[in-house]
Amino acid sequence: MDAASVNLLREVLASTGWLERTRELGLALRATRSAGGLLVVGTPEDEPWHVTAHLSDEARLSGLAQLSPTLVRWAPPPGAPAHLRVGVERLRSAGRGETLFVVTEQRAPVPLLERVDDARRSGATILAVDGGDPELESLAHDAIAVPAEGAVLSFDAAQHLVSSAAGEVRRLGLRERLARLADRITGPRMSD
């Protein structure tokens with residue numbers, strides 16, 4: 001999904017509350033303190049390649065190194081490149097300053113829930129986009145549930161909005177920059 005498509009989706013969803021929720025979660029991803037400390041994991045059957053690629057793009061385009069994700073895989077092949085060989089054992093060492101981002105449309109299997117719980121106990125921030133899994137959501141510091149049926153937003157679109165919001169860097173316009181400069185020069189305005 002390109003930037004124009006994301007903007008169109010934002011316009012369509014403007015009055016639904018989904019934009020605010022996805023923006024909150026996207027901004028929470030920024031709390032990660034270092035590049036590679038954003039751990040993205042799914043289920044053994046469905047690895048979140050798509051959102052990982054988008055977060056990598058957002059990190060590069062926004063200059064926010066903390067958004068550089070680490071894809072955590074259940075069974076990485078031994079001959080894979082280093083960045084594709086990170087296994088679930090990495091979650092054992094997750095700690096403060098790191099974020100575990102769980103992305104799964106299905107219910108999280110018990111081994112995933114156990115590893116999420118361990119990471120949370122070690123101080124990692126747990127965030128999730130899921131299909132409505134109460135067990136996963138009870139472990140997460142923040143989560144967005146995207147139900148399979150009846151939702152205005154698809155699971156894929158939710159991932160796009162979250163990753164886009166994570167990399168969003170609001171640049172001030174000329175008028176706003178001049179107003180800030182004037183405030184610094186003249187001091188704060190005092191009303192009578």
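For the structure itself, look to the data block above.
Residues numbered from 1 in each chain as written. Predicted model: local features only at pLDDT ≥ 70, side-chain atom pairs only at ≥ 80, totals over all residues. Heavy atoms only, no water.

Caption draft 1: Geometry of the pairing of strand E5 (residues 142–145). Pairing geometry for strand E4 (residues 125–130) and E5, over four bridges, is parallel. Its bridge partner lying in E5, Val-129 is registered against Ile-144. As for the winding sense of the linkage, the β-α-β connection from E4 through helix H5 (residues 134–139) to E5 is right-handed. (Pairing = 2+ DSSP bridges. Helix = DSSP H or I, 4+ residues; strand = E, 2+ residues; numbered from the N terminus. Right-handed = clockwise from strand over helix to strand, strands pointing away.)

Caption draft 2: Representation of the pattern of salt bridges within the structure. This model, assessed by the stated rule, comprises nine salt bridges. Among the ionic contacts, a cluster of salt bridges with common partners joins Arg-21, Glu-24 and Asp-142. (Salt bridge = Lys/Arg side-chain N within 4 Å of Asp/Glu carboxyl O.)

Caption draft 3: View of the nonpolar core. Grouped together as the largest cluster of nonpolar side chains are 24 residues, with contacts concentrated most on Leu-29, Leu-55, Phe-101 and Val-129. Tallying contributions element by element places helix H6 (residues 155–167) first for this core, with six residues. Leave out the neighbours within four places in its chain, and Val-129 touches Leu-25, Phe-101, Val-102, Val-103, Thr-104, Ile-144, Val-146, Phe-155, Ala-158 and Val-162. Within the second largest apolar cluster, 21 residues are counted, among which are Val-88, Leu-100, Val-102 and Ala-124. (Core = buried A, V, L, I, M, F, W, Y, C linked by side-chain atoms within 4.5 Å. Buried < 20%, exposed > 50% of the residue type's maximum accessible area, 1.4 Å probe, protein only. Contact = heavy atoms within 4.5 Å.)

Everything listed here is a matter of geometry and, on its own, says nothing about what the molecule does.
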